[in-house]
Amino acid sequence: MLDNLLQPAASANDFLYAKAAARRLSMVTCYDYSFARLLSETAIDGILVGDSVAMVMYGHPSTLSATVDLMRLHTEAVSRGAPGKFLVADLPFLSYRKGIPAALDAAQALMSAGAHALKLEGVDGHEDVIRRMTESGIPVMGHLGLQPQSVRSYGGFKIQGRGEEAGREILRQALALEELGAFAVVLECIPAPLAREATSALRIPTIGIGAGAACDGQILVLQDLLGMNPDFRPRFVRSFWDGAGSIHDAISRYDAAIKSGAFPAGEESYQ
Ligand code: KIV
């Protein structure tokens, strides 16, 4: 446990320095050891063990099924694979809405699993929790706009912050997060002009997903940027690889090689 807490990595302060230096921040989600190892060899600035693990790795329809135990297991795996990377873990649904002691227990579980910072959604109603965490030395990343843990109250995954009042509300919440000591805020699926306004109003960096190019950084789900799920192509996702096609192709060649007798070859066998 102590080993994890002492891992060297970039810090939340580096995110603030990056904003001050107008250097864009890159983040990606990761849920497992083998992808984490690959990410550790890249220049990516930060990894998020997102509660989207419930959807991407377990096939649930929303993030509501993620639990602290699940997040702890995946945080440990990613931390083992990428010990030198700045690692943010998501506090799952309701884990920070049951009062300060329960929230701190959840935070402790994820920090001792290797997280360097924690992300939580929204601000209203859990200001006390955010303040206690930041005052306890836990770097907190906010998440505004489309908050996937509120999907039931939206009635689906919908763009947020459209219209003047809704936009003002997101700006208010972003400034409140900064005031409470958050070191960064994810802005998900909001109009690009609103994200631009928030980015210039805040001293802390904004990390956008579906929030346009003016954010201080960007994040995507790893499997989305790798093109692993061609059926999921919202406007804000860019596939940087045809993962699904390449993987199908490799598995088909493997299958064919077995069936033709070409695999394993002599040099792939113990003589
Ligand atoms: O859980 C997640 O993947 C996230 C990103 C979409 C920001 O919160």
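Presented here is a report on the structure given in the accompanying data block. Keep in mind that this is a model prediction, so the values were computed, not measured.

1. Some words on the packing of aromatic side chains
Per the counting criterion, the structure on display carries four aromatic pairs. When the centroid spacing of 5.8 Å and the interplanar angle of 75 degrees are considered together, the rings of Phe86 and Phe183 count as edge-to-face. Here Phe183 lies in the loop between helix H9 (164–180) and strand S6 (184–188) and Phe86 lies in strand S3 (residues 86–90), a separation of 97 residues in the sequence. In this structure, Phe86 and Phe183 share a single accessibility class: buried. Of the aromatic side chains, those joined through ring pairs into one cluster are Phe15, Phe86 and Phe183.

2. A short note on H9
Note on helix geometry: an α-helix contains 3.6 residues per turn, so any two residues three or four positions apart are oriented the same way. The terminal C-alpha atoms of H9, which comprises 17 residues, lie 24 Å apart, in line with the 24 Å expected from a rise of 1.5 Å per residue. Those residues of H9 that fall on the buried side of the exposure criterion are Gly167, Ile170, Leu171, Gln173, Ala174, Leu177, Glu178 and Leu180. Residues of H9 that are buried sit in contact with helix H7 (127–135), strand S5 (140–145), S6 and helix H10 (192–201). Phi for Gly181, located one or two positions after H9, is positive at around 105 degrees.

3. Here's the deal with the side chain of Asp90
Note on placement: Asp90 falls in strand S3. Note on Asp90: relative accessible area 2%, which makes it buried. Apart from the residues within four sequence positions on either side, Asp90 is in contact with Leu48, Val49, Gly50, Asp51, Met71, Leu110 and Lys119.

4. Some words on the site of the ligand
Lining the immediate surroundings of the ligand are Thr29, Leu48, Gly50, Asp51, Ser52, Asp90, Lys119, His143, Glu188, Ile209, Ile219 and Val221. Ser52 places a side-chain nitrogen or oxygen 2.5 Å from an oxygen atom of the ligand. For the ligand, an oxygen atom lies 2.8 Å from a polar atom in the side chain of Lys119. Of the residues in the shell around the ligand, the class split is four nonpolar, four polar and four charged.

5. Focus on the environment of Lys98
Among the structural elements, Lys98 can be located in the loop between S3 and helix H6 (100–112). For Lys98, a relative accessible area of 61% gives the class exposed. Residues Lys98 and His126, 28 residues apart in the sequence, show an inter-C-alpha distance of 9.1 Å.

Parameters and conventions
Residues numbered from 1 in each chain as written. Predicted model: local features only at pLDDT ≥ 70, side-chain atom pairs only at ≥ 80, totals over all residues. Heavy atoms only, no water. Phe/Tyr/Trp six-rings, centres within 6.5 Å; stacked < 30°, edge-to-face > 60°. Helix = DSSP H or I, 4+ residues; strand = E, 2+ residues; numbered from the N terminus. Buried < 20%, exposed > 50% of the residue type's maximum accessible area, 1.4 Å probe, protein only. Expected span 1.5 Å × (residues − 1). Contact = heavy atoms within 4.5 Å. Near = heavy atom within 4 Å. Polar contact = N/O pair within 3.5 Å; in protein donor to acceptor, adjacent residues only side chain to side chain. Nonpolar A, V, L, I, M, F, W, Y, C, P; charged D, E, K, R; others polar.

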